[in-house]
Amino acid sequence: MLLGVIADDFTGASDIANTLAKGLPGSGGLATTQFLGVPSRPAAVDCEAGVVSLKSRSIPVAEAVAQSLAALAWLRAQGCRQIVFKYCSTFDSTPAGNIGPVGEALAKALGAQGVVACPAFPTTGRTVYRGHLFVGDRLLNESGLEHHPLNPMTDADIRRWLARQCEEPVGLVDWGTVRRGSDAIRAALAAAATRGERLVIVDALSDEDLVAIGAASAEAPLVTGGSGIALGLPQNFIAAGLASGRRPAFIGVGGPEAILAGSCSRATLAQIERHRAGHPVLPIDVDAVMAGRVAVADLVAFVRGHAGRAPLVFSSASPEKVARLQAAHGREAVATRLDGLFAETARALVAGGIRRLVVAGGETSGAVVSALGLDALAIGPEIDPGVPALVADGEKPLALALKSGNFGAEDFFSKALAVLGGAPARGEAA
Ligand SMILES: Nc1ncnc2c1ncn2[C@@H]1O[C@H](COP(=O)(O)OP(=O)(O)O)[C@@H](O)[C@H]1O
Ligand SMILES: O=C(O)[C@@H](O)C(=O)COP(=O)(O)O
């Protein structure tokens, strides 16, 4: 394995796996596998990039650090020459962590200083300018992310936000330097390292900026960021003759389908509205769940009763409703209960024959995929930016889409089911 990624949630892991598998147009990507948790056995010999998916974004700092270091140890044992720490393009974290502590721990373990920290993902509207993160034309803290159920993002100055999580000074490479290209970026990172800056926010406004940052990082033991930070990395290995850039063929999976949504993001709410116009949907009554009046069997019965019509079950709700539910039942308690409900429902559905499963939400996807007991996923074509089709091999293959809350066009759900079934994806000839 050439490149190892430690991702702090499962949707984020498939997002960066997609970037690495795709590579740059014309030059190809790396043969990439998404692992679910730290594997207990070696990777296949033909795996060039391995993405270890953790569920470490919103857990206590010490646990996140320990899990990330365990992932690092496994990736190094597979021979990785470079490590990426993947976090959210909207920098989801609390002032207590976990991006800073995990980033610093990995950097110390690898002896790295002046480490890139760049969540930019311009295709989905995330850009970084003078250390401030924008979502579209809004600052992060006015983008809707300030209402996130677990990690409300209330400061767009991510250098300041990261510094609150870090023990060591946080640097900045501004866009004026980035636009001068990879040599200038490399020199600025080296200067940051000599000043004792362990993590360095790097501005990026476009894919060209990210490719330049990737080229500047060819020899870096560690880079950190959103999936955009991986845009230029496969090319470093291909240019060095270490990888071929060829992509394995994707074979879709037919059979019964279900959609589960626990994300409360704006994008997911809009996708639910679009889907409910033509398909059966079951909104979950969260108060009833908390009172024990709604259970797995109710959700499973709904999906089975609407087989073949792309049934959707969702707990997603507006910020006002989420705030009311959290005040009534407790933030953690609601999230734990709902994540558990989706996980058990998915397990029952797959045991009952579901072969195509779409899940919306990072925490939700982590809970679902963990419950399914899968250990590795092959990366298929991109459904929408940041969301690939995934296939778990086995006696009966299972096709999955794990959608980050904020990703995907309004017609995402039905499009995802079609691509999982083998229909042509974005940019592919019919
Ligand atoms: N109606 C609701 N009220 C409160 N919390 C909810 C509700 N629905 C889902 N949640 C919780 O909110 C969290 C959403 O996070 P996640 O699944 O990561 O979505 P996203 O990808 O949008 O961040 C989950 O832990 C989920 O259980
Ligand atoms: O970087 C991103 O935006 C995504 O890959 C991601 O991590 C999103 O997380 P969720 O919104 O929790 O799915």
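Residues numbered from 1 in each chain as written. Chains lettered and ligands numbered in written order. Predicted model: local features only at pLDDT ≥ 70, side-chain atom pairs only at ≥ 80, totals over all residues. Heavy atoms only, no water.

Per an unreviewed UniProt entry, the protein goes by the name 3-oxo-tetronate kinase and belongs to Chelatococcus albus. What the UniProt record of the protein gives under Sequence similarities (unreviewed entry) is the line "Belongs to the four-carbon acid sugar kinase family." (UniProt positions renumbered as here; feature names shortened; annotations may be inferred.)

*Asks:* Is there a simple way to think about the UniProt feature "domain: Four-carbon acid sugar kinase N-terminal" (unreviewed entry) in the protein in this case?
*Replies:* Under the UniProt annotation, the feature "domain: Four-carbon acid sugar kinase N-terminal" (unreviewed entry) is placed at residues 3-232. Helix makes up 33% of residues 3-232 and strand 20%, whereas the separation of the span's terminal C-alpha atoms amounts to 13 Å. (Helix = DSSP H or I, 4+ residues; strand = E, 2+ residues; numbered from the N terminus.)

*Asks:* Hey, could you run me through unusual backbone geometry in this one?
*Replies:* Among all residues save glycine, negative phi is the norm, and among peptide bonds the norm is trans. Here the residue pair Gly 97 and Asn 98 is connected by a cis peptide bond, since its omega of 5 degrees sits within 30 degrees of zero. Secondary-structure assignment places Asn 98 in the loop between β4 (82-86) and α3 (99-110).

*Asks:* What is the right way to look at the site of ligand 1 in this model?
*Replies:* Inspection of the region around ligand 1 gives 21 residues, with His 148, Ser 263, Asp 339, Glu 363 and Thr 364 positioned closest. One of the side-chain N or O atoms of His 148 is found 2.7 Å from an oxygen atom in ligand 1. Contact with the protein chains covers 96% of the free accessible surface of ligand 1, which is 570 Å². Of all the secondary-structure elements, those providing two or more residues to the shell around ligand 1 are α12 (319-329), α13 (331-351) and α14 (362-371). When residues in the shell around ligand 1 are grouped by element, the largest group, four residues, is from α13. The residue makeup of the shell around ligand 1, split by class, is ten nonpolar, nine polar and two charged. (Near = heavy atom within 4 Å. Polar contact = N/O pair within 3.5 Å; in protein donor to acceptor, adjacent residues only side chain to side chain. Areas by Shrake-Rupley, 256 points an atom, 1.4 Å probe, with all protein chains shown as cover. Nonpolar A, V, L, I, M, F, W, Y, C, P; charged D, E, K, R; others polar.)

*Asks:* Can you walk me through the UniProt feature "domain: Four-carbon acid sugar kinase nucleotide binding" (unreviewed entry) in the protein in this structure?
*Replies:* Residues annotated in UniProt with the feature "domain: Four-carbon acid sugar kinase nucleotide binding" (unreviewed entry) correspond here to residues 258-413. In residues 258-413, the share of helix is 45% and the share of strand is 23%. The end C-alpha atoms are 10 Å apart.

*Asks:* Where do I start with the confidence of the model for the protein in this structure?
*Replies:* It should be kept in mind that the predicted coordinates are not to be read in detail where pLDDT is low. Mean pLDDT over the protein works out to 95, with 99% of the residues at or above the 70 mark. Taken over the whole predicted complex, pTM reads 0.93, whereas the ipTM for its chain interfaces reads 0.97. (pLDDT = per-residue confidence, 0-100.)

*Asks:* Just to check I follow, could you spell out the domain arrangement of the protein for this structure?
*Replies:* Note on interface size: it is often stated as the accessible area lost on association of the parts. On domain assignment, one finds that the protein holds domain 1 (3-239) and domain 2 (257-420). On the domain 2 side, the residues contacting the 31 residues of domain 1 number 32 residues. Across the interface of domain 1 and domain 2, roughly 2,400 Å² is buried in total on both sides, 59% from carbon and sulfur atoms. On the surface where domain 1 and domain 2 come into contact, there are three salt bridges. A salt bridge links Lys 55 to Glu 363, with the nearest nitrogen and oxygen atoms 3.1 Å apart. Counting every contact that joins domain 1 to domain 2 gives twelve residue pairs in polar contact (both at pLDDT 80 or more). Those elements that place two or more of their residues in the side of domain 1 that touches domain 2 are α1 (10-22) and β2 (32-36). Residue classes in the side of domain 1 that touches domain 2 are distributed as ten nonpolar, 14 polar and seven charged. (Domains from an automatic or database assignment. Contact = heavy atoms within 4.5 Å. Buried area = accessible area lost by both parts, 1.4 Å probe. Salt bridge = Lys/Arg side-chain N within 4 Å of Asp/Glu carboxyl O.)

*Asks:* Could you clarify how one ought to interpret the sheet that holds strand β6 (residues 126-129) in this entry?
*Replies:* Sheet strands pair via backbone hydrogen bonds, and the direction of the pair is either parallel or antiparallel. Reading across from one edge, β6-β7-β8 is the order of the three strands in this open sheet, with antiparallel pairing throughout. Two strands bound the open sheet, and with one partner strand each, they are β6 and β8 (138-139). (Pairing = 2+ DSSP bridges.)

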